[in-house]
Amino acid sequence: MKRALMSLCAVVTVAAGTLTGCAGSAGGARGADGGGDGPGARVATGVRPAALTWQQELRVADALQRLTRQCMNRQGFTYWEDRRLTLRESRPVRYVQDDVSWARAHGYGSRIDAESARVRESNPNGTYRQSLSPTRRAAFDAALDGGDDARLLTASLPGRGQIRKRIGGCTQEAEQALYGDPATWFRASKTAMNLTSLYGEQLMTDHPFTTALKAWSRCMRQAGQPYRDPQAARDAVRVATSRLGAARADEAFAAERATAVADATCARRTGLRATATARETYHLDRLRDRYGKDIDTYRRLGQQAYSRAVRIVAERD
């Protein structure tokens, strides 16, 4: 159950499930605007650039949409922005979720996700593109991302080979306006956001983390929710929802909210999020000798993009 927008918090996928800490996928503190000139540069104060918060990330994504729409309009095409979700609805649901009031209102976000899926299926940009003649459709594609003539960017995923992306047209223009060189951003972001593949299993078996997780599980049992970890709780909710079916959707959602509230309450009482954040930062810092430049470039360009985004779009309500 993830928001369409992925948070910068790291996602660790292992056999036990998915762990998302709160240090950002490149670890460390979150923060305000930062600067810097060259790749890997530190901010002027000498402090390492901070990872963006999810709210800042969302605003950057909205700015990318705004810039893309403006560019497509100049090319003679219609383009729709998607700002349907409120700021609070857009909150990413992490493995460690301790916002009790959000859980009380939205559970694990299943209804938000379902609505988002329906919107994606009827995406107005896709509908508009299909309404165009073949010639205009090809022109739309070229205007949006360069079409078949777009340049190919390549980035290495730590321990997992390479990933490629075609970029051109208005997509390139928007990224360049926010990040500077799209190729530098692509390489740095793909490296920093995939470092969890190098320490994920260690984190999941890390003693301080597993100790906090056991405390969370005890708390859940006392609340009548006997789950070993947050992922198990969410998997159980998903199975129960599918069994109840559409006719009992309200009952299923009430059960989802009850589990999510217990989950968040126990995470808050046991300090599970703080422990996960600290241990994720610890393991990430051990990779800084090799990947510190990529991490700092990723954060610096993210902060640069955010400082520009605030002049382009307002924060969502």
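Residues numbered from 1 in each chain as written. Predicted model: local features only at pLDDT ≥ 70, side-chain atom pairs only at ≥ 80, totals over all residues. Heavy atoms only, no water.

Asks: Which residues make up the overall build of the protein, and what are the values?
Replies: The helix and strand inventory of the protein stands at 13 helices and four strands. In the protein, the proportion of contacts linking residues at least 24 apart, taken out of those at least 6 apart, comes to 73%. A total accessible area of about 15300 Å² is found for the protein, and carbon and sulfur atoms account for 49% of it. (Helix = DSSP H or I, 4+ residues; strand = E, 2+ residues; numbered from the N terminus. Contact = heavy atoms within 4.5 Å. Areas by Shrake-Rupley, 256 points an atom, 1.4 Å probe, with all protein chains shown as cover.)

Asks: Quick one: what's the story with the nonpolar core, residue by residue and with numbers?
Replies: If you look at the biggest cluster of nonpolar residues, it comprises 26 residues, and the most contacted ones within it are Val96, Tyr108, Phe209, Trp216, Met220 and Leu272. Residues Val60, Ala188, Leu301 and Ala305 belong to the second largest nonpolar core, which totals 16 residues. (Core = buried A, V, L, I, M, F, W, Y, C linked by side-chain atoms within 4.5 Å. Buried < 20%, exposed > 50% of the residue type's maximum accessible area, 1.4 Å probe, protein only.)

Asks: Residue-level account of the side chain of Gln56, with values.
Replies: Secondary-structure assignment places Gln56 in helix α1 (residues 54–74). Here the side chain of Gln56 touches Thr53 through a polar contact of 3.0 Å, landing on its backbone nitrogen. (Polar contact = N/O pair within 3.5 Å; in protein donor to acceptor, adjacent residues only side chain to side chain.)

Asks: Tell me what's going on with the state of the cysteines, and back it up with residues and numbers.
Replies: Under the definition given, this model contains two disulfides. Across the disulfide, Cys71 is cross-linked to Cys170 (sulfur-sulfur distance 2.1 Å). Looking down the S-S bond of the Cys71 and Cys170 bridge, the torsion is -75°, so its handedness is left-handed. Within this pair, whereas Cys71 is found in helix α1, its partner Cys170 is found in helix α6 (residues 169–179), the two being separated by 99 residues in sequence. (Disulfide = S-S within 2.5 Å.)

Asks: Can you break down the confidence of the model for the protein residue by residue, with the values?
Replies: In the predicted model, the protein carries a mean pLDDT of 86, and the fraction of residues at 70 or more is 85%. Across the protein, α1 holds the top mean pLDDT of 98, while strand β1 (residues 11–14) sits lowest at 30. Every residue in residues 1–25 scores below 50 in pLDDT, and together they form 99 contacts with partners more than four places removed in sequence or on other chains. (pLDDT = per-residue confidence, 0-100.)

Asks: Residues and numbers for the pairing of strand β3 (residues 151–156), please.
Replies: As judged from the six bridges shared by β3 and strand β4 (residues 162–167), these two strands associate in the antiparallel manner. Along β4, the bridge assignment pairs Leu153 with Lys165. Here β3 folds back onto β4, and the loop between the two strands holds five residues, one of which, Gly159, carries a positive phi near 70°. (Pairing = 2+ DSSP bridges.)

Asks: Residues and numbers for the environment of Arg104, please.
Replies: Along the chain, Arg104 falls in helix α2 (residues 100–106). With relative accessibility at 48%, the residue Arg104 sits in the partly exposed group. Through-space distance from the C-alpha of Arg104 to that of Glu256 is 9.4 Å; in sequence the pair is 152 residues apart. If we skip the residues at most four places from it in the chain, Arg104 touches Arg257 and Val261.

Asks: Tell me about the environment of Arg273, and please be specific about residues and values.
Replies: Note on placement: Arg273 falls in helix α12 (residues 272–285). Distance from Arg273 to Ala212, taken between C-alpha atoms, is 9.0 Å for residues 61 residues apart in sequence.

Asks: I'd like to hear about helix α10 (residues 230–244), residue by residue, with values.
Replies: Across its 15 residues, α10 extends 21 Å between first and last C-alpha, which sits within 8% of the 21 Å expected from 1.5 Å per residue. All buried positions along α10 are accounted for by Pro230, Gln231, Ala232, Ala233, Arg234 and Val237. Two to three positions downstream of the cap, the backbone nitrogen of Gln231 sits 3.1 Å from a side-chain oxygen, assigning the N-cap of α10 to Asp229. (Expected span 1.5 Å × (residues − 1).)

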